[in-house]
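Residue strings, one per chain:
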Amino acid sequence: MLGPPGAGKGTYAEILSDKYNVPRIPVGDLFRQAIKDETKLGKKIKKYVSHGDLVPDEMAIDLVKERLQEDDCQNGFFLDGFPRTIIQAEAMEKFKKIDKALNFVASDRVLMSRLSGRRTCRECGAIYHVENIPPKVEGICDRCGGRLYKRSDEKPQAIKNRLRVYREKTKPVIDYFRKKGLLADIDANYRIEEVDKVISQCEKHLQNLS
Ligand code: AP5
């Protein structure tokens, strides 16, 4: 699942993962968990994630490669936020086949408003928005009762940097998959009440995959 920060990759990946009964692998969440747990990796990557910079390629590749070897990924998966550089895309080809690259497209205005209001569950990673998708009880996750928080990379300066990094490093990955005939553009500008319109575009492209 490709697309700029705030396009809704995580939100749609959650819905699709439930529908297709295969796991969602949110690479950003894996990094945030490592930081929270203060693992060796977590300590190394903290500064990149909080500034909105990409984690060095070799660390991202190793993490994803290891995660995709686990049993629950053997019948398919939705990979959310990887590959984000050409180096990652080329490395991935050597260890896992990608069937389709869904490219979520949304305007800058939509991205900024979604990112500035997002709240994430500290426990299960569920995603909310203070206006668009509020939890039933303010600050508490509907799913697991965990506390909601604002990510460290959601300060205006970090958001700006993430959008810049996306344009410089990740946009070429979109062309890479387009040239391979694997890319499907998905209009992700719809409001949350119309999320079915986004999901049905995805389903159309996922139909004939084994
Ligand atoms: P990551 O966590 O992947 O962040 P991101 O790509 O910046 O994407 P986001 O999570 O911000 O947005 P999203 O598209 O998932 O949108 P969401 O569904 O939340 O990565 C974070 C960091 O980790 C990176 O900066 C980097 O440091 C590192 N990293 C990750 N992968 C890496 C890699 N491969 N290589 C190196 N480093 C890597 O939606 C946004 C908001 O909008 C939510 O509040 C949601 O509720 C709301 N919303 C969603 N859809 C709608 C809708 N249709 N209508 C209204 N509101 C909506």
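> Please clarify how the pattern of salt bridges should be interpreted in this entry.
When charged atoms on two side chains of opposite charge get close, those side chains can pair. Tallied over the full model, the rule gives 18 salt bridges. In this structure, the salt-bridge partner of arginine 118 is glutamate 154, at a minimum N-O distance of 2.6 Å. Highlighted residues: arginine 118 in strand β4 (residues 118–121) and glutamate 154 in the loop between β6 (148–149) and α7 (156–179), separated in sequence by 36 residues. An identical accessibility class is assigned to arginine 118 and glutamate 154; each is buried. The partner of glutamate 194 in a salt bridge is arginine 191, with the nearest N and O atoms 4.0 Å apart. When its relative accessible area of 22% is taken as the criterion, glutamate 194 is described as partly exposed. Here the salt bridges share partners, and the residues they tie into one network are Glu14, Arg24, Asp29, Arg32, Asp80 and Arg143.

> Explain the site of the ligand here, please?
Taken together, 36 residues sit near the ligand, with Thr11, Asp53, Arg84, Arg118 and Arg162 positioned nearest. Within the backbone of glycine 6, an N or O atom sits 2.9 Å from an oxygen atom of the ligand. One nitrogen or oxygen atom from the main chain of isoleucine 192 is found 3.1 Å from a nitrogen atom belonging to the ligand. When the ligand sits alone it has 1,000 Å² of accessible area, and the protein chains cover 97% of it. Grouping the constituent residues of the shell around the ligand by class yields 17 nonpolar, nine polar and ten charged.

What counts and how
- Residues numbered from 1 in each chain as written.
- Predicted model: local features only at pLDDT ≥ 70, side-chain atom pairs only at ≥ 80, totals over all residues.
- Heavy atoms only, no water.
- Salt bridge = Lys/Arg side-chain N within 4 Å of Asp/Glu carboxyl O.
- Helix = DSSP H or I, 4+ residues; strand = E, 2+ residues; numbered from the N terminus.
- Buried < 20%, exposed > 50% of the residue type's maximum accessible area, 1.4 Å probe, protein only.
- Near = heavy atom within 4 Å.
- Polar contact = N/O pair within 3.5 Å; in protein donor to acceptor, adjacent residues only side chain to side chain.
- Areas by Shrake-Rupley, 256 points an atom, 1.4 Å probe, with all protein chains shown as cover.
- Nonpolar A, V, L, I, M, F, W, Y, C, P; charged D, E, K, R; others polar.

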